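Commentary on secondary and tertiary structure
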Amino acid sequence: MTSPVPHASTCLADLVPAIRYADPHALAERLDDERLPLGWWYATPLTTAERTIGSQALASVVAQALRALWPQIRTGELLPASRFLDAEVVLPHTSAEEAGEEALAALVRVLLDRLHGRGVPRATLGVRAAVAVISEWLPADAPAEVRAALAVLRELEQDPAEAPEERGAQDGAERRSASAAVPEPVALPVQRAHEEVVAPLAVEAGEPAAEDVVEEDSEPTASEPADAEAQPGSEPPATHLNLADTPLAAFAAYASTWDERERTIAARRIFAEQPETFAALGDRFEVSRERVRQLERSILDSIAQWLAYDEQGRSFAAHLAAVAGRLGAVGRPAEVRTMHPDHLRPVDALGLPLGDVVARLLPDRAVDGEWIVQGDAAALRTAMADNLLAACGETPLAWDEAVAVGERHGVRAEVLADWAAEIGRFRTMDGHMLYWGRSVNDRAVAVLSLHGEPMSMEDIHDRLADGTTINSMRNQIWTDERFVRLDRNLYGLRQWGGEEYLGIREMITREIRRAGGEIEVNALVDTICGRFDVVPASVRTNLGAPEFTRTRRGWVGLAAEQPTEDEAAPYNPRKDVARTRRCFVGTDGRWWYRFEVTGDHLRGSGAPVPSGWAAHLGAAPACEPIPLRHEAGESVLQWRTQPVLGSIRPLMEHIGATVGDQVFLNATDGELTALRLPAAQPEARPEARAARLTGWTAAVTTAEAIDVIGLRTGMGPGQEATALLQHLGDRGDRDIVGLLEQALTGTVLVN
């Protein structure tokens, strides 16, 4: 296949003659790129290099090489073609060193644009497309000046003074100077509903009007009304508006010009769902992998030139632009196959449906897994995730609001739910978009937020339906401060408030303290059974525990806490800091509290902290707020119904914490310190990961891990493993227990 475009085979050595006489090793040090063939600057067309690494990157690397290798040479001698530029970006007598990399890169970009015809008027095809788009989308109340400008464009489009011979001559001049790249389609507004129609680019490229499109196998009759309803199972006529009438014939005729080797490479690599490797194709044709790579590049160049300069190719390019407009920023190959009858039919030369070809030729789009994505797929996923997280976080987002977020990124409502699931952190449920998070805790928060009221553990598990076992989910919820147990089997979000169910003995203790140190037994039973799903017999049985004492007939008090008449009972937390989950003592004797960063922390919300740690810092119920200074500002620890640490968002941003990170907090003498724990290596052993959760990052054996964890949880050295596991279980550190059990038994626990 020969290129119809002058300069299409121009390489960098043609643009910079000095390259042909330079040291190849010095050139390789400055110009080598793993995405391009070895020694690409000698023979690879600049069009190929631009398409592979981008024109800006190409210009930048060339500029760096010019300054490094020939700093004292004048730019007019290094780049002879620059002398013919109408506007001099860099004066020809300026040396490469004096010009600087930025100016040299700009000069190279100008040369590339002029060499490949970019910026040169493209005859009337662009005008026609622009007129079509503006006419389609111009609002009725557009200013008169805008309508006058549109009238001028229409005159340019339909200039009767331009003779056919002149048009042909201009077209020829275009083809001699235009770029080998596929021309960018006119950008269209993204569809807001599946039935809306994209602006008729393809009509302007010579396609029949919508009312003239007829299925190949159908015969229109005079008796059929123009607006007859489609029969069940048939494709609605509007589905194929603005697409080429016979795209298969156009592409099949072009593909038939390829030889057998080109057809095989196109079918098995360029348009294949699972591309074969260069090595496999090289073995098939008894050539090197590099030769197969060159042939693939040649085919892609040929396709680009056909789309840009051939009459049928331009019509097919308009077809591609219309398909891309309908897909928006993301779509699926299956959608492409249903957009036109031809898309389901095979291209004989390739043995593939035309839809597979179209899906991989769409402008500014690439097949990424099960999706066709516009631009940078990773960047779109990140931007969408950030915006959805900012919009909903742990609060359910109404579907209409989620659709609005998707529209800002060009994502249609029809695919938004699946695309959000593809991002991996969101799920659609009951007409809302939920933050689905990385952990079962986050997902349980989302389920409860959507439900709006407390739920049983079984109901939460049924709504999750993500394969997590109920025992694993229960352990996670029990150790997460965002949840509060409101009854024997009823859980809600702590931010909702409500009285926490602590267990029968703990609730007896709480009621005795509320009553001032003693309470009548019947009143105690009525109070607890009236609030919680507890039978009276259970309350009366637990009154026999040693921590309770009969103060007088029919009354009960606390055995170890009977205040005198002139003093109030001091506050003692249910568990001191040594028995509080996620609290660990350092080598300096200071206690640190570990927590997992959530979206609430990063949005500036306050977060509950364990009462044992808060009491260790001097807080107590109804006490005055305790101010805590830190490197990024100040926070406050206050205790009303529960201890809550105010916003620490500036501190989290200061240490670079993100959602899912583990952070240790310590407060000493009014100074709050935060340490971010980097994620453990995936191959780390369970004993090392267990010790790491206490803040120990050095390598340890199982025996050493038991000593480290025992010391950091307030036990003495030399503890037995069973005693440590019991101690950790009482504290609520079930994550550490699970890792230690793996280390001790050599088994891997499966949730």
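These numbers were taken from a predicted model, which means no experiment stands behind them.

Moving on, we get to the overall build of the chain. Of regular secondary structure, the chain possesses 35 helices and 21 strands. Across the 751 residues that make up the chain, the buried fraction comes to 44%. Taking as baseline every contact in the chain between residues at least 6 positions apart, the subset at least 24 positions apart corresponds to 58%. Of the roughly 38,000 Å² that the chain leaves accessible, carbon and sulfur atoms contribute 50%.

Quick look at the packing of aromatic side chains now. Counting across every chain of the model gives 15 aromatic pairs. Here the aromatic rings of Phe251 and Trp306 are separated by 5.9 Å at their centres, their planes lie at 75°, and the arrangement is edge-to-face. Taken together, the positions of Phe251 in helix α13 (residues 247-255) and Trp306 in helix α16 (residues 289-309) put the pair 55 residues apart, joining distant regions of the chain. An aromatic cluster is defined as three or more aromatic residues linked by ring pairs; in this entry it consists of Phe251, Tyr254, Trp258, Phe271, Trp306 and Phe316.

Here we take up the nonpolar core. Counting 37 residues, the largest nonpolar core has Phe251, Trp258, Phe271, Phe316 and Leu350 as its most contacted members. Broken down by secondary-structure element, the contributors of at least two residues to this core are α13, α14 (260-270), α15 (278-285), α16, α17 (311-327) and α19 (354-361). When residues no more than four places from it in sequence are discounted, the contact partners of Phe251 are Trp258, Phe271, Trp306, Phe316, Val347, Leu350, Leu354, Val357 and Leu361. Counting 36 residues, the second largest nonpolar core, distinct from the first, contains Ala63, Leu107, Leu112 and Leu115.

Pairs of packed helices are described in terms of their axes, by the angle between the two and the distance that separates them. It is at 10 Å that the axes of helix α33 (residues 702-712) and helix α35 (residues 734-745) come closest, and there the two elements cross at 155°. The angle between α33 and α35 falls in the class roughly antiparallel. The two elements α33 and α35 meet at a crossing, and its hand is left-handed. On the side of α33, the interface is formed by Thr702, Ile706 and Ile709, while α35 contributes Ile736, Leu740, Ala743 and Leu744.

Looking now at the sheet that holds strand β5 (residues 371-374). The three strands lie next to each other as β1-β5-β4, forming an open sheet whose pairing is antiparallel. Looking at which strands have only one partner, the edges of the open sheet turn out to be β1 (330-331) and β4 (365-368). Bridging between β4 and β5 involves four bridges; their strand directions are antiparallel. Each bridged residue has a counterpart across the sheet, and for Asp368 the counterpart in β5 is Trp371. Across the sheet, helix α22 (residues 413-423) touches β1 and β5, and the angle it forms with β5 is around 90°.

What follows is about the side chain of Asp33. Relative to the assigned elements, Asp33 resides in the loop between α2 (24-31) and α3 (40-43). Look at Asp33 and you get buried, because its relative accessible area is 17%. A distance of 2.8 Å separates a polar atom in the side chain of Asp33 from the backbone nitrogen of Arg35. If we skip the residues at most four places from it in the chain, Asp33 touches Trp40 and Ile53.

Inspection of the sheet shows strand β7 (residues 426-429) paired to strand β8 (residues 432-435) by four bridges, in the antiparallel sense. The residue of β8 that forms the bridge with Thr428 is Met433. Hairpin connection, β7 to β8: the antiparallel pair is bridged by two residues, and Asp430 has positive phi, about 50°.

The next thing to look at is the pairing of strand β13 (residues 555-558). Where strand β11 (residues 518-520) and β13 come together, three bridges link them in antiparallel fashion. Looking across to β13, one finds that Glu520 is bridged to Trp555. Where strand β12 (residues 548-552) and β13 come together, four bridges link them in antiparallel fashion. Along β13, the bridge assignment pairs Phe548 with Leu558. The antiparallel hairpin formed by β12 and β13 contains two residues in its connecting segment, where Gly554 sits at a positive phi of about 80°.

This brings us to unusual backbone geometry. Its identity as a non-glycine residue notwithstanding, Asp364 has a phi of 60°, on the positive side. With a phi close to 50°, Asp430 is a non-glycine residue in the positive phi region. Looking at the element boundaries, Asp430 is found in the loop between β7 and β8. Given a relative accessible area of 52%, Asp430 falls into the exposed group.

Turning to the sheet that holds β12, a few remarks are in order. A sheet is described by the order of its strands in space; here three strands give the open sequence β11-β13-β12, paired in antiparallel fashion. The outermost strands of the open sheet, each flanked by one partner alone, are β11 and β12. Ignoring strand direction, the axes of neighbouring strands in this sheet form an average angle of 35°. Sheet strands touched by helix α26 (residues 504-514): β11, β12 and β13. Its angle to β13, the strand with the most contacts, is close to 100°. Each of β11, β12 and β13 touches helix α27 (residues 521-531); the most contacted strand, β11, lies at about 85° to it.

With that settled, consider α35. Over its 12 residues, α35 extends 16 Å from the first C-alpha to the last, a length consistent with the 16 Å expected when each residue adds 1.5 Å. Of the residues making up α35, those classed as buried are Ile736, Val737, Gly738, Leu739, Leu740, Gln742 and Ala743. If you follow the buried residues of α35, they end up packed against β14 (583-585), β15 (591-596), α32 (686-692), α33 and α34 (721-731). Where α35 terminates, the next one or two residues include Gly746, which has phi positive at roughly 75°.

So, on to the pattern of salt bridges. If you walk through the whole model with that rule in mind, you get 34 salt bridges. Note that Asp418 is salt-bridged to Arg332, the shortest N-O span being 3.0 Å. In this pair, Asp418 is assigned in helix α22 and Arg332 in the loop between β1 and α18 (333-337), connecting sequence segments 86 residues apart. The exposure class assigned to Asp418 is partly exposed, which follows from its relative accessible area of 38%. Exposure remark for Arg332: the relative accessible area of 24% places this residue in the partly exposed category.

The next subject is the environment of Gly660. Note that Gly660 resides in the loop between α31 (649-655) and β20 (662-668). On the accessibility criterion, Gly660 (26% relative accessible area) is partly exposed. Put simply, Gly660 and Ser439 are 221 residues apart on the chain and 8.5 Å apart in space, counted from C-alpha to C-alpha.

The next point concerns the confidence of the model for the chain. In the predicted model, the chain carries a mean pLDDT of 78, and the fraction of residues at 70 or more is 79%. Overall, residues 120-125 carries pLDDT values under 50, and its contacts beyond four positions in sequence, including any with other chains, amount to nine contacts. Across residues 159-242 the pLDDT falls below 50, and counting only partners more than four positions away or on other chains, this stretch makes 115 contacts in the model.

Turning to the packing of helix α5 (residues 55-69) against helix α8 (residues 101-115), a few remarks are in order. Interaxial distance between α5 and α8 falls to 8 Å at its minimum, and their mutual angle equals 125°. Classed by the angle they form, the pair α5 and α8 counts as oblique. Considering only the axes of α5 and α8, their crossing is right-handed. Counting all contacts with α5, which are made through Ser55, Gln56, Leu58, Ala59, Ser60, Val62, Ala63, Gln64, Leu66 and Arg67, the residues of α8 involved are Glu101, Leu104, Ala105, Val108, Arg109 and Leu112.

A word on the environment of Asp730. The residue Asp730 is located in helix α34 in this model. Sequence separation of Asp730 and Thr580 is 150 residues, and the distance between their C-alpha atoms is 8.6 Å.

Thresholds, definitions, all that
- Residues numbered from 1 in each chain as written.
- Predicted model: local features only at pLDDT ≥ 70, side-chain atom pairs only at ≥ 80, totals over all residues.
- Heavy atoms only, no water.
- Helix = DSSP H or I, 4+ residues; strand = E, 2+ residues; numbered from the N terminus.
- Buried < 20%, exposed > 50% of the residue type's maximum accessible area, 1.4 Å probe, protein only.
- Contact = heavy atoms within 4.5 Å.
- Areas by Shrake-Rupley, 256 points an atom, 1.4 Å probe, with all protein chains shown as cover.
- Phe/Tyr/Trp six-rings, centres within 6.5 Å; stacked < 30°, edge-to-face > 60°.
- Core = buried A, V, L, I, M, F, W, Y, C linked by side-chain atoms within 4.5 Å.
- Axes fitted to C-alpha atoms, helices over the stretch in contact; angles between N-to-C directions.
- Parallel < 35°, antiparallel > 145°, perpendicular 65-115°, else oblique.
- Left-handed = near helix turned anticlockwise from the far one by under 90°.
- Pairing = 2+ DSSP bridges.
- Polar contact = N/O pair within 3.5 Å; in protein donor to acceptor, adjacent residues only side chain to side chain.
- Expected span 1.5 Å × (residues − 1).
- Salt bridge = Lys/Arg side-chain N within 4 Å of Asp/Glu carboxyl O.
- pLDDT = per-residue confidence, 0-100.

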